[in-house]
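# Examination of the molecular architecture
What follows is the residue order along each chain.
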Amino acid sequence: MANFLAQPEALAFGKTREQVLAEGVAEAQANARVFEGNRPSNSILARKLTPYVLGQLIAMYEHKVFTQGTIWNINSFDQWGVELGKVLANKIVPELNPANEPALGHDSSTNALIQRYRQLRG
């Protein structure tokens, strides 16, 4: 929990070169240990991770992505990578049924994931 609480503080305030050197860090390593700070973050606490809380987290993330896209004048939910994913997904859908088990022609990682999914589905 202490590490969780320390991260927002580190992001907010960072560490200057002077602070690093005052800690006795060698001059040659000082630049690598300087951290700018002034970086916004969100810290969220919940009593328990329930489906409702998870839904809230997902909704918050989607709203954040939408807002950033609006500010940057891009449609965050209609990107070329998403389109590629949809095309690839359409090829994978018929391969997911363990009863059919058609031959797989993807890369080894995707093939392994599909095979594992089939096993888990039974």
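Everything in this summary refers to the structure shown in the same document. (Residues numbered from 1 in each chain as written. Predicted model: local features only at pLDDT ≥ 70, side-chain atom pairs only at ≥ 80, totals over all residues. Heavy atoms only, no water.)

## Quick notes on the overall build of the chain
Worth spelling out the cut-off: In this text, helices come from DSSP runs of H or I with a minimum length of four residues, and strands from runs of E with a minimum of two, each type numbered from the N-terminal end. Burial classes: relative accessible area under 20% of the type maximum marks a residue as buried, over 50% as exposed, and values in between as partly exposed (1.4 Å probe, protein chains only). Any two residues whose heavy atoms approach within 4.5 Å at even a single point are treated as in contact. To measure how exposed things are, a 1.4 Å probe is used in the Shrake-Rupley method; for residues, cover is taken only from the protein chains shown. The charge count treats Lys and Arg as positive and Asp and Glu as negative. His and the chain ends do not count. We put the charge of a Lys on NZ, of an Arg on CZ, of an Asp on CG and of a Glu on CD.
Along its length, the chain carries six helices and zero strands. When the helices and strands of the chain are listed from N to C terminus, the series reads α-α-α-α-α-α. If one aligns the C-alpha atoms of the chain with their principal axes, the spans along those axes are about 65 × 35 × 35 Å. Looking at the chain as a whole, 10% of its 122 residues are labelled buried. Long-range pairs, those at least 24 residues apart, make up 26% of the contacts in the chain with a sequence separation of at least 6. Accessible surface, the chain: about 10,200 Å² in total, of which carbon and sulfur atoms supply 58%. Charge-centre separation for the chain: the mean point of 12 positive side chains lies 7 Å from the mean point of 11 negative side chains.

## What to know about the pattern of salt bridges
Where we set the bar: The working definition used for a salt bridge is a side-chain nitrogen of Lys or Arg within 4 Å of a carboxyl oxygen of Asp or Glu.
Here the structure, examined in full by the defined rule, presents three salt bridges. Glutamate 23 is the partner of lysine 15 in a salt bridge, and the nearest nitrogen-oxygen pair spans 2.7 Å. Under the relative-accessibility criterion, lysine 15 is labelled partly exposed at 29%.

## Quick look at the environment of alanine 10
Within the secondary structure, alanine 10 is located in helix 1 (residues 2-13). Distance from alanine 10 to proline 40, taken between C-alpha atoms, is 10 Å for residues 30 residues apart in sequence. Contacts of alanine 10, omitting those with residues within four sequence positions, involve Phe35 and Gly37.

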